[in-house]
Amino acid sequence: MKQLIKTGLAAALFLALPAMADVVVVVNPKAAEASMTKDQVAQFFLGKSSAMSPIDQPESAPVRAEFYKKVTDKDASQVKALWSKLVFTGKATMPKEAADSAAVKKMVASDPKAIGYIEKSAVDASVKVIYTP
């Protein structure tokens, strides 16, 4: 009986958690890349490659936390610390930040070198999905 109560409680807690939206990585439709690996995407968002310009969402956006967890295996504080070090040593500049998925889409659509992440539900013809974690 105790096990049944614990299982029911765990299920109720799980159902009470907010559902995470599916996140996808997008580029300009004119970009040469048709797809990328997790490691390739992570390189841009961790300052290890400057071949593309990463566009971040606000620190408070749930899609940002989900993206970094799934793609870089790092949480927000680890990513912030990494970027602080890169900027301080002059090795990289912080990614541009957009207000939301719509703003990321607009920035990516206007720049063939931009790469960003948005909710899967926000994808349209203005961007090309190159990675789905």
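Bear in mind the structure is a predicted one, so any value in this text is a computation, not a measurement.

(A) The packing of helix H2 (residues 38–45) against helix H3 (residues 62–72), seen in detail. At a minimum axis distance of 9 Å, the contact between H2 and H3 shows a crossing angle of 125°. Classified by the angle between their axes, H2 and H3 sit oblique to one another. Residues Lys38, Val41, Ala42 and Phe45 of H2 lie in contact with H3, whose contacting residues are Phe67, Tyr68, Lys70, Val71 and Thr72. Classifying every residue of the contact of H2 with H3 by side-chain character gives six nonpolar, one polar and two charged.

(B) The confidence of the model for the protein chain, seen in detail. Chain-level pLDDT for the protein chain is 87 on average; 84% of the residues reach the 70-or-more range. Under a pLDDT of 50 for its full length, residues 4–18 has, in the predicted model, zero contacts with residues more than four places off or in other chains.

(C) Representation of the side chain of Lys105. With respect to the element layout, Lys105 can be found in helix H5 (residues 101–109). Since its relative accessible area comes to 14%, Lys105 is described here as buried.

(D) Region of the structure containing the sheet that holds strand S4 (residues 114–119). Read across the sheet, five strands follow the order S3-S2-S4-S1-S5 without closing on themselves; strand pairing throughout is mixed. At either margin of the open sheet sits one strand with a lone partner, and together these are strand S3 (96–97) and strand S5 (128–131). Here three bridges tie strand S1 (residues 23–27) to S5, and the two strands are oriented antiparallel to one another. Within S5, the residue paired with Val26 across the bridge is Val129. In the packing of H3 onto the sheet, the strands contacted are S1, strand S2 (53–56), S3, S4 and S5, and the crossing angle to S4 comes to about 115°.

(E) Representation of the pattern of salt bridges. Summed over all chains, the structure comprises six salt bridges. Put simply, Glu97 and Arg64 hold a salt bridge, and the shortest N to O gap is 3.4 Å. On the criterion of sequence distance, the pair formed by Glu97 in strand S3 and Arg64 in helix H3 is long-range, its members being 33 residues apart. For Arg64, a relative accessible area of 12% gives the class buried. Bridged by salt links that share partners, the residues Asp56, Arg64 and Glu97 form one connected network.

(F) Main features of the packing of aromatic side chains. A complete count under the given rule lists six aromatic pairs for this structure. Plain terms: the ring middles of Phe67 and Tyr117 are 4.1 Å apart, the flat faces sit at 5° to each other, and that makes the pair stacked. Here Phe67 is found in helix H3, whereas its partner Tyr117 is found in strand S4, with 50 residues between them in sequence. The pair formed by Phe67 and Tyr117 is uniform in burial state, with each residue classed as buried.

(G) How the structure looks around the pairing of S4. Most of S4 sits inside the fold, with five of its six residues counted as buried. As paired strands, S1 and S4 are joined by five bridges and run antiparallel to one another. Bridge pairing links Val24 to Ile118 in S4. Where S2 and S4 come together, three bridges link them in parallel fashion. Counted as the bridge partner of Pro54 is Ile115 from S4.

What counts, and at which threshold
- Counting restarts for each chain, with residues numbered from 1 along the sequence as it is written.
- In keeping with the model being predicted, local features are shown solely for residues with a pLDDT of at least 70 and side-chain atom pairs are shown and tallied solely at 80 or more, while totals for entire chains, interfaces and linings include all residues.
- Side-chain measures were taken over the full set of non-hydrogen atoms in the model, leaving aside hydrogen atoms and water.
- Inter-axis angles, ranging from 0 to 180 degrees, are taken between N-to-C directions of lines fitted to C-alpha atoms, where helices are fitted over the stretch in contact.
- Helical segments are the DSSP runs of H or I of at least four residues, strand segments are the runs of E of at least two, and each set is numbered from the N terminus.
- In these notes the angle categories are as follows: under 35 degrees is roughly parallel, over 145 is roughly antiparallel, 65 to 115 is roughly perpendicular, and the rest is oblique.
- Every residue pair with non-hydrogen atoms within 4.5 Å of one another is taken to be in contact.
- Under the grouping applied here, Gly and all other residues not named as nonpolar or charged are polar, the nonpolar ones being Ala, Val, Leu, Ile, Met, Phe, Trp, Tyr, Cys and Pro and the charged ones Asp, Glu, Lys and Arg.
- A residue's pLDDT is simply how confident the predictor is in it, with values from 0 to 100.
- Accessibility here uses a 1.4 Å probe with only protein chains present; expressed as a share of the type maximum, an area under 20% marks a residue as buried, one over 50% as exposed, and anything in between as partly exposed.
- DSSP-based pairing: two strands are paired if at least 2 bridges between them are found.
- Salt bridges are counted wherever a side-chain nitrogen of Lys or Arg sits within 4 Å of a carboxyl oxygen of Asp or Glu.
- Each Phe, Tyr or Trp ring (for Trp, its six-membered ring) is paired with any other whose centre lies within 6.5 Å, and the angle between the two planes then decides the class: stacked below 30 degrees, edge-to-face above 60, tilted in between.

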